[in-house]
Amino acid sequence: MSQSNDSSNPEEKEHDLESIFQQKRILRSQVRKTLKFMDPSLRSHEDNAIQKIVLEAPWFKSSQRLCAYISCSALREVDTSKLLSQILQIPNADGDTKTRKKLYVPRVEDKNSHMRMFHISSIDDLIANSMNILEPAPVDADGNEREDVMQANEPVDLFLLPGLAFDRSGRRLGRGGGYYDTFLKKYQELAKERNWRQPLFVALSYSLQIMDEGIISATPKDMPVDALVSPSGVIPISAAALDRCA
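Residues numbered from 1 in each chain as written. Predicted model: local features only at pLDDT ≥ 70, side-chain atom pairs only at ≥ 80, totals over all residues. Heavy atoms only, no water.

Taking an unreviewed UniProt entry as the reference, the chain is identified by name as 5-formyltetrahydrofolate cyclo-ligase belonging to Citrus clementina. The Sequence similarities (unreviewed entry) comment attached to the chain in UniProt states, word for word, "Belongs to the 5-formyltetrahydrofolate cyclo-ligase family." (UniProt positions renumbered as here; feature names shortened; annotations may be inferred.)

Here you go:
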């Protein structure tokens, strides 16, 4: 056997990783450009279609605790404003006994891929950070610490995730910071430790963000998603998603 095929060769591994990082940088640049020139009326139509599909999905309706991103128009992410307002809505008084869903949203802590998810009960709990992205403050208006999802006593059912590009095998291309990959890995480990059912990782994607298989390169640290929601519907990928989203 030729030594050059030995994946344990550190130099070869490093070269392979650098090659993957370079491919990702090029793809990010291409997708950003495509999103920049996306027709505003098409974007609005797809935003509404994606949110409607999520809101009507049985796996969303049955979720009790979830983590979701706060969409940022400057980053051209799929809008989540309708989803969030629906989640945070107080249950109807007219006999609707449905309990309100518990929502956790992200807060970036530093530039080293460290992100936390805090519980919020109102959109007013969010403040703009230095990048003008809405995030929860670590303490509420009364000075009490917000609940961190990693310290919660009950499992999260669902993560609604952003990204730059996706494919039908579950690969997700993020923005390069590693925040979500790091966080999702930690949460999976926590769920395993506590014998909880693993949450569904569902990414929201414009049509043009879905790539053919083989376009998105991945490293062992990249976390795959279980399903995609595009304007044309739910694309279940993992066995868990086929079971819960089909």
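So, on to the packing of aromatic side chains. One pass over the structure, following the stated rule, counts three aromatic pairs. Taken together, the ring pairs connect Phe159, Phe183, Tyr187 and Phe201 into an aromatic cluster. (Phe/Tyr/Trp six-rings, centres within 6.5 Å; stacked < 30°, edge-to-face > 60°.)

Take the pattern of salt bridges next. Two side chains that carry opposite charge are able to pair once their charged atoms sit near each other. Overall, the coordinates contain eight salt bridges when judged by the stated rule. One salt bridge connects Arg107 with Glu109, and the closest N-O pair in it is separated by 3.3 Å. Among the residues examined, Glu109 registers a relative accessible area of 31% and is labelled partly exposed. The salt bridge partner of Asp148 is Arg116, with a shortest N-O separation of 2.9 Å. Of the two residues, Asp148 sits in the loop between β5 (134-136) and β6 (158-161) while Arg116 sits in strand β3 (residues 115-120), which places them 32 residues apart along the sequence. We classify Asp148 as buried; its relative accessible area is 7%. Residue Arg116 is classed as partly exposed on the basis of its relative accessible area, which comes to 26%. (Salt bridge = Lys/Arg side-chain N within 4 Å of Asp/Glu carboxyl O. Buried < 20%, exposed > 50% of the residue type's maximum accessible area, 1.4 Å probe, protein only. Helix = DSSP H or I, 4+ residues; strand = E, 2+ residues; numbered from the N terminus.)

A few words on helix α4 (residues 81-88). What α4 keeps buried is the set Leu83, Leu84, Ile87 and Leu88. Seen from one end, α4 has its buried residues packed into an arc of 120°, which puts them on one side. (Arc of directions from axis to C-beta.)

Okay, the layout of surface pockets next. Estimated volume of the largest pocket: approximately 1,200 Å³. If you trace the largest pocket, you find 41 residues lining it, with Arg175, Gly176, Gly177, Gly178 and Tyr179 closest to the centre. Counting only elements with at least two residues in the lining of the largest pocket, the list comes to α1 (10-36), β2 (102-108), β5, β8 (172-173) and α5 (179-193). The dominant element in the lining of the largest pocket, judged by the number of residues it contributes, is α1, at five residues. Taken together, the residues of the lining of the largest pocket break down into 18 nonpolar, 10 polar and 13 charged. (1 Å grid on protein atoms, 1.4 Å probe; cavity = no way out; pocket = protein on both sides within 12 Å on 5 of 7 lines; lining within 4 Å. Points joined across faces, edges and corners; volume = space filled by probe spheres on them. Nonpolar A, V, L, I, M, F, W, Y, C, P; charged D, E, K, R; others polar.)

Time to look at the sheet that holds strand β10 (residues 210-211). Within a sheet, each strand pairs with its neighbour through backbone hydrogen bonds, oriented either parallel or antiparallel. The strand order β8-β7-β10 describes an open sheet built from three strands, whose pairing is mixed. Looking at the sheet topology across the chains shown, the edges are occupied by β8 and β10. (Pairing = 2+ DSSP bridges.)

Next up on the list: the side chain of Asp226. Here Asp226 is to be found in the loop between β10 and β11 (227-230). There is no salt bridge for the buried Asp226, and the closest opposite charge comes from Arg244, which lies 6.6 Å off by N-O distance. Within the structure, Asp226 has its side chain in polar contact with the backbone nitrogen of Phe201 (distance 2.7 Å). Polar contacts involving the side chain of Asp226 include one to the side chain of Ser238, which spans 2.7 Å. Sequence-distant contacts of Asp226, that is, excluding residues within four places in its chain, are made with Pro199, Leu200, Phe201, Ile235, Pro236, Ile237, Ser238 and Ala241. (Lys, Arg positive; Asp, Glu negative; His and termini not counted. Polar contact = N/O pair within 3.5 Å; in protein donor to acceptor, adjacent residues only side chain to side chain. Contact = heavy atoms within 4.5 Å.)

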